[in-house]
Amino acid sequence: MAAHAYLLDTNVLLAALLAPERLPPEVAAGLADASNAVYFSAASIWEIAIKRSLNRADFDFAPEDIHRLALATGFTELPVKGEDCYPIANLPWHHRDPFDRLLVAQAQSLPAYLLTTDSVLNQYSELVVQLTLKS
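From a predicted model like this one, the values you see are computed outputs, not experimental measurements. (Residues numbered from 1 in each chain as written. Predicted model: local features only at pLDDT ≥ 70, side-chain atom pairs only at ≥ 80, totals over all residues. Heavy atoms only, no water.)

## Focus on the layout of surface pockets
Consideration 1: Counted as a void, the largest pocket has a volume near 160 Å³.
Consideration 2: For the largest pocket, the lining is made up of twelve residues, of which H4, Y6, E26, V27 and G30 are closest to its centre.
Consideration 3: At the level of secondary structure, the elements contributing two or more residues to the lining of the largest pocket comprise α2 (25-32) and β4 (113-116).
Consideration 4: Of the residues forming the lining of the largest pocket, the biggest block, four residues, is contributed by α2.
Consideration 5: Split into classes, the residues belonging to the lining of the largest pocket amount to seven nonpolar, three polar and two charged. (1 Å grid on protein atoms, 1.4 Å probe; cavity = no way out; pocket = protein on both sides within 12 Å on 5 of 7 lines; lining within 4 Å. Points joined across faces, edges and corners; volume = space filled by probe spheres on them. Helix = DSSP H or I, 4+ residues; strand = E, 2+ residues; numbered from the N terminus. Nonpolar A, V, L, I, M, F, W, Y, C, P; charged D, E, K, R; others polar.)

## So, the packing of helix α1 (residues 10-18) against helix α3 (residues 42-53)
Consideration 1: Two elements in contact, α1 and α3, have axes separated by 9 Å at closest approach and are oriented at 85°. With respect to each other, α1 and α3 are oriented roughly perpendicular. Residue-level inspection shows T10, L13 and L14 of α1 in contact with α3, the latter providing S44, I45, E47 and I48.
Consideration 2: Along the lines of polarity and charge, the residues of the contact of α1 with α3 split into four nonpolar, two polar and one charged. (Axes fitted to C-alpha atoms, helices over the stretch in contact; angles between N-to-C directions. Parallel < 35°, antiparallel > 145°, perpendicular 65-115°, else oblique. Contact = heavy atoms within 4.5 Å.)

## Focus: the pattern of salt bridges
Opposite charge on two side chains lets them pair, provided their charged atoms get close.
Consideration 1: Across all of its chains, the model carries five salt bridges by this definition.
Consideration 2: Residues K51 and E47 are paired through a salt bridge, measuring 2.9 Å at the closest nitrogen-oxygen approach. Of this pair, K51 and E47 both sit in helix α3, four residues apart, which is roughly one turn of the helix. E47 shares its class with K51; the two are buried. (Salt bridge = Lys/Arg side-chain N within 4 Å of Asp/Glu carboxyl O. Buried < 20%, exposed > 50% of the residue type's maximum accessible area, 1.4 Å probe, protein only.)

## Looking at the sheet that holds strand β2 (residues 37-41)
Consideration 1: One open sheet accounts for five strands, arranged β3-β2-β1-β4-β5; its pairing is parallel. Single-partner strands in this sheet number two, and they are β3 (76-78) and β5 (128-130). On average, adjacent strands in this sheet sit at an angle of 35° to one another, irrespective of strand direction.
Consideration 2: Sheet topology places strand β1 (residues 5-8) next to β4; three bridges connect them, and they run parallel. Opposite L7, over in β4, you have L114 as the bridge partner.
Consideration 3: Each of β1, β2 and β4 touches α1; the most contacted strand, β1, lies at about 100° to it.
Consideration 4: α2 contacts β1, β2 and β4 of the sheet and is inclined by roughly 110° relative to β1. (Pairing = 2+ DSSP bridges.)

This is how it looks when you write it as structure tokens:
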């Protein structure tokens, strides 16, 4: 079986780290398979920090803890580089969230499958895979 590359959006990153039982079993298996590359974007840590600063109840954890846990889990941090932002200028406006638009551009640049819970993002590319997390 060929190895795959996955980029986790913020919601999927949090589920993978804090509540992996919420992931579909085939996704959890893919993330655990050492032959696959699993990435998280520095933009997700930035998004978590912003939501934490807004005192959102669903972001009751420190961004540095999520960052350390992602690295300890074996996920690879994907920095945000200037050239990652160039493709965003040409993306259609299916979605207005700047973090999600950056993740789409990063997934296309790698390339990697972008695992997301956002149903709008799959309009961008066949690389976007929408997941439904268990409650």
